[in-house]
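# Survey of secondary and tertiary structure
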Amino acid sequence: MNIFVFLTSLFWPTDLALNNNLSNFIEYSVCSVLTMISLLLVSKQPKLSAAIMLPIPFLTPKLSIFLIIIFSLQLALKRKKIYFFFLILSLTIFLTKWPELKGETIFNLDYEKKQEVIRNTRLYNSIAMARLFHNKPRIVIDKFNIRFFSLIDPSNYFFQFHPREGLINNQNLQKFPSLALIPFLIALINISSKNKSALVYLFSGIIALSLLNNFDRHDFILFSPMLLLIKEGFEITFKTKYKLPYITAFLIFTVFELTRILII
């Protein structure tokens, strides 16, 4: 099974490296590696697991909110005082990073967007209707919805966003083999204690990225939790009677897709 996890793990880092410069690749990779280490330690050494995440906002300020959401969810689910400490710490880091982060979030409404709201209010019969259906908060909500539903779209991760390329500013990388979608969905359906932390990290990352104007490349932070979920899905799939046909199809399609990435 390890060979299947290894092949799956090659896609996103390889395509990211080929489409970006070295410094950017290192920045995003370090954040992803820290997330992976944190996930592997979260059940046995929660203090160390949480501490390992703290450098991420300093490497990539855009991901400051990522830590706040993770520690908030961990505190709500496990109710350990240690997560309250790290939540306060992450909030402090976030506040120090806010001046350089504010312009990168969906809460930063530019002049054109504000004028668009004023212009479109004239399309409604009354001021009350205009304020209800077309207002400044609506702009933020619409931005969040576009990013959120893009981040939960399986085609974003397994089919290079096809057929919705161009919906958002994205490199449309081949993040995972297309047939890895099956074990990923199986892992989501069969939620166990092993993948709960991965789900927390995945959900936290999706919410945090949905608050950014442009999450492209920063979404590599989702690589680690998704890979762990796919790994668990493999474990379940390989215990079924469909093991042999799935293995055959996976190897054929995965080698083809990986070769295409390297050549193109």
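Residues numbered from 1 in each chain as written. Predicted model: local features only at pLDDT ≥ 70, side-chain atom pairs only at ≥ 80, totals over all residues. Heavy atoms only, no water.

Below, the discussion takes up the overall build of the chain. Scanning the chain from N- to C-terminus turns up 14 helices and zero strands. Walking the chain from its N terminus toward its C terminus, one meets helices and strands in the order α-α-α-α-α-α-α-α-α-α-α-α-α-α. The buried share among the 264 residues of the chain stands at 49%. Sequence separation of 24 or more characterises 70% of the internal contacts of the chain that already satisfy a separation of 6 or more. For the chain, the exposed area adds up to about 13900 Å²; of that, 67% sits on carbon and sulfur atoms. (Helix = DSSP H or I, 4+ residues; strand = E, 2+ residues; numbered from the N terminus. Buried < 20%, exposed > 50% of the residue type's maximum accessible area, 1.4 Å probe, protein only. Contact = heavy atoms within 4.5 Å. Areas by Shrake-Rupley, 256 points an atom, 1.4 Å probe, with all protein chains shown as cover.)

An α-helical turn contains 3.6 residues, so any two residues separated by three or four positions project in the same direction. Between its first and last C-alpha, helix α2 (residues 22–41) extends 28 Å over 20 residues, near the 28 Å set by a 1.5 Å rise per residue. The set of residues buried in α2 consists of Asn24, Tyr28, Ser29, Cys31, Ser32, Leu34, Thr35, Met36, Ser38, Leu39 and Leu41. In this structure, the buried side of α2 is in contact with α1 (2–18), α3 (46–53), α4 (56–59), α5 (64–78), α12 (196–210) and α13 (223–237). (Expected span 1.5 Å × (residues − 1).)

Taken as a whole, α3 has its buried residues at Pro46, Ser49, Ala50, Ile52 and Met53. All buried residues of α3 fall inside an arc of 160° around its axis, so they share one side. Considering only its buried residues, α3 is in contact with α2, α4, α5, α6 (81–101) and α12. (Arc of directions from axis to C-beta.)

Moving on: the environment of Ile93. Note that Ile93 resides in helix α6. Measuring from C-alpha to C-alpha, the distance between Ile93 and Phe58 comes to 8.5 Å, with 35 residues separating the pair along the chain. When near neighbours in sequence (up to four residues on either side) are disregarded, Ile93 contacts Leu54, Pro57 and Phe58.

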